[in-house]
Amino acid sequence: MESIKKIRNDELVHAYEAMHENNTKETQNAVTRQMVRATFLLPVVPVKGKLPEDFPPRVLKNDKGQLYLPLFTDAEHAQANPGLSGAMIPVDISDAYSYLVDNKELQGLIVN
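Quick notes on the rules
- Residues numbered from 1 in each chain as written.
- Predicted model: local features only at pLDDT ≥ 70, side-chain atom pairs only at ≥ 80, totals over all residues.
- Heavy atoms only, no water.
- Helix = DSSP H or I, 4+ residues; strand = E, 2+ residues; numbered from the N terminus.
- Rg over C-alpha atoms; globule rule 2.2 N^0.38 Å.
- Buried < 20%, exposed > 50% of the residue type's maximum accessible area, 1.4 Å probe, protein only.
- Contact = heavy atoms within 4.5 Å.
- Areas by Shrake-Rupley, 256 points an atom, 1.4 Å probe, with all protein chains shown as cover.
- Lys, Arg positive; Asp, Glu negative; His and termini not counted.
- Charge placed at Lys NZ, Arg CZ, Asp CG, Glu CD.

Caption draft 1: Focus on the overall build of the protein. A tally of regular secondary structure across the protein gives 4 helices and 5 strands. Listing each helix as α and each strand as β along the protein from the N terminus yields α-α-β-β-β-α-β-α-β. Scaling as 2.2 N^0.38, a compact globule of 112 residues should have a C-alpha radius of gyration of about 13 Å, and the protein matches this with 14 Å. In terms of principal-axis extent, the alpha carbons of the protein reach across some 45 × 35 × 25 Å. Counting every position in the protein, which comprises 112 residues, the buried fraction comes to 35%. Residue pairs at least 24 apart in sequence account for 65% of intrachain contacts in the protein once pairs closer than 6 positions are excluded. Summing over all exposed atoms, the protein offers an accessible surface of approximately 7200 Å²; the carbon and sulfur share of this is 49%. Here the protein carries 12 positive and 15 negative side-chain charges, and the mean point of each set is 5 Å from the other.

Caption draft 2: The arrangement of unusual backbone geometry in detail. A positive phi is found at N112, a non-glycine position, where the angle reads about 55 degrees. Mapped onto the elements of the fold, N112 is located in the segment after β5 (106-111).

Shape descriptors only; they carry no functional weight alone.
Here it is, written out as structure tokens:
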């Protein structure tokens, strides 16, 4: 399993920043390309007797009660969210998307 501390997605973070400054089809495509290449950190709830990849993920709930799956680009961004900064596992976007599709109560993904 990839070391959590070594996971960084600087190119994705830069692509997001560029998109927020200038939201065009080109900057959106750059974010999409980087998301496909990225390894994210998914906060999970440790369960005794289970392997980390089988731990249930933590979810975020907004003021309307909607649930979202949080993903982080690196440990630094995860630590900035104390309620979510405990145990983490590495996932790619296809794993996150599969979980999202399988869990209809989730409204989407939130990055950082």
